[in-house]
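Analysis of the macromolecular model
As a plain string of letters, each chain reads:
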Amino acid sequence: MSGFSTFLAKEFTEIRKTWRIFVVPGMLLFFAITSPIIADVTPALMASIAKSQPGVVVKMPPPTWRDSYAQFLKSLSQMVLIAVVITGAGAVSGERSSGTAVLTLTKPVSRRSFILAKIVSQAGLLIGATVVSTAVCVVLTVVIFGPSPVGPLMASVSIWAIDALLMIVVMTLFSAAFAARGASAGAGLGFFFLTLLISIWPPANRYTFVGLMSASGKALMQQPTGVLWPVATALGAGVLCAWGAVWVFEKQEL
Amino acid sequence: MTDAPAIEITRLVKHFGDAVALDGIELAVPQGSVFGFLGPNGAGKTTALRILTGLARPTAGAARILGSDVSTAGNDVRAQIGYLPDVPGFYPWMTALELVEYTGRLFGIERRALRGRAESLLEMAGLSGIRTKVGGLSRGMKQRLGIAQALINGPKVLLLDEPTSALDPIGRRDVLEMIASLRGRTTVFFSTHILADVERVCNMVAILDRGRVVANAPIAELKRRAAVDRVVIDVDGDPTMLIGEIEKRSWVRSIERMGEQIQLGVTDLKSAQRELPAAIAAAGLGLKRLEGAEKSLEDMFVELVRHAQQ
């Protein structure tokens, strides 16, 4: 086993043996289970609220598979992305502050391998958890709402996953650049909210990765997504951030 | 083994902003030696070790391990060294065996050979059979685990930063015996501020103070240098007059009185041994003892550091 594969194997074992297994995968699974249920009960809840308010009439169409998927996608694009930011904040800075980076990097492991293994392990965890939770969401949606198409959810979750993977690489860069986990988390949240803000501007939404979120929603609605530019710029930004994380980490003294 | 030094440090300088951590140190550590890197806290020992392991970069100068420049050689050098930091950081969710096996795999050691080697190193470190996670081990146990993991690749150069600082007397003795047993096979370079450890196992020592090497010699030579310039006299009576008399002598460098005992620092031991009995008799005192005292490494260390600071 090379240094990279040994360190990567350590990362996956660490995910399995520590709290990390419960955060992003746990949240994804939670939302996969609750989204169809929430979609199913929301009209009844709204009606009961309306009943207690004299003069208020709430008319909602019966819920469908699309409501279930939309609920799941909404949770992914808000709560899960924030969880990705929080957990990714300590990816490098945590190892640096605990001294474990020194343990590994005084062996035949390059700093580039260290950073790339961090990115690959987090990406692997996210992709695996997303596949499982999407399958769970589809099964529950079929159980509650009857036969439901899988294609729209797969397309929208795939576009969301590109956004989440970019966030992992951005957080690895911040975690390599800042000494404290809190500082990298703050920078990550700042980046997250800034991209939301910029996405309001139509040209940015159309031609940069900030448009991935709305493209994901459009895919669910089976509308044209115009996803080419957002995906291409996300890939470019991801490569640039990964290179930046390696560069910053190689310059540092431990 | 060739005659080239295992570690060669040339005019090594390290600045942290305005602070000078290393101020042009020069060292050559022979292969197979146990080399003590001695100095008070803050002398620059850990900084030098961090440069040797590639964790930090020098401001100027160079450091070589087995002929390769540590700042450019990368994995080639790291594959041949073992390193124990002063405060070792381990993954708390691993067991001791998992940790040693993990470090072994980083060196590319085959899985079949690795288990046996890891178990024997843990046995040597007194940690065999311990199933507790590393997070639950005491500091001393972690230190011993650190030594075990540093030896997993059978390193040609073993770099130890304060390896005995967190150990109880038995653990310390065991570690020192283990270090001594490596002499001739592995070059051991260990930093410490515990003089007794250096005297016990090292055959060479460098004393570092404020980023400068103030002494660098084989232990035996350093002790030989220290042994000849101190004389202890025990007299029968008040030595005040005697002190007044002998402090005029040109070979006297320092006088220290403890009751009826006088300790003299001398530049010419033969003159001191010849003239002192007569001076004692002239002062009307009886001579109970007159001997050349061997200055300890501690005396030497304190003297060198004080001198450098002045």
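The structure we're discussing is the one just above.
Calculation notes
- Residues numbered from 1 in each chain as written.
- Chains lettered and ligands numbered in written order.
- Predicted model: local features only at pLDDT ≥ 70, side-chain atom pairs only at ≥ 80, totals over all residues.
- Helix = DSSP H or I, 4+ residues; strand = E, 2+ residues; numbered from the N terminus.
- Expected span 1.5 Å × (residues − 1).
- Contact = placed C-beta atoms within 7 Å.
- Buried ≥ 20, exposed ≤ 12 C-beta atoms within 10 Å, placed from the backbone.
- Nonpolar A, V, L, I, M, F, W, Y, C, P; charged D, E, K, R; others polar.
- Axes fitted to C-alpha atoms, helices over the stretch in contact; angles between N-to-C directions.
- Parallel < 35°, antiparallel > 145°, perpendicular 65-115°, else oblique.

**Overview of helix α11 (residues 228-251) of chain A**
Compared with an ideal rise of 1.5 Å per residue, which puts 24 residues at 34 Å, α11(A) spans 35 Å between its outermost C-alpha atoms and is within 8% of the ideal. For α11(A), the secondary structure elements touched by its buried residues are α6 (111-145), α7 (151-177) and α10 (212-220) of chain A.

**So, unusual backbone geometry**
All names here are of chain B. Backbone geometry at R11 places phi at a positive 45°, although glycine is not the residue there. If you trace the backbone, R11 turns up in strand β1 (residues 7-16). Classification of R11 by C-beta neighbours within 10 Å gives partly exposed; the count is 13. Although it is not a glycine, L66 adopts a positive phi angle of roughly 50°. Mapping L66 onto the fold places it in the loop between β4 (60-65) and β5 (68-69).

**A closer look at the interface of chain A and chain B**
At the interface, 21 residues of chain A touch 22 residues of chain B. Looking at the side of chain A that touches chain B, the elements with two or more residues in it are α1 (3-17) and α5 (100-105) of chain A. For the side of chain A that touches chain B, the residue count by class is seven nonpolar, nine polar and five charged.

**Some words on the packing of α7(A) against α10(A)**
Residues and elements named next belong to chain A. Running from N to C, α7 and α10 cross one another at 170°; their axes reach a closest spacing of 7 Å. Regarding the angle of α7 to α10, the classification is roughly antiparallel. In contact with P152, L153, A155, S156, I159, W160, I162 and D163 of α7, α10 contributes L212, M213, A215, S216, G217, A219 and L220. Classifying every residue of the contact of α7 with α10 by side-chain character gives 11 nonpolar, three polar and one charged.

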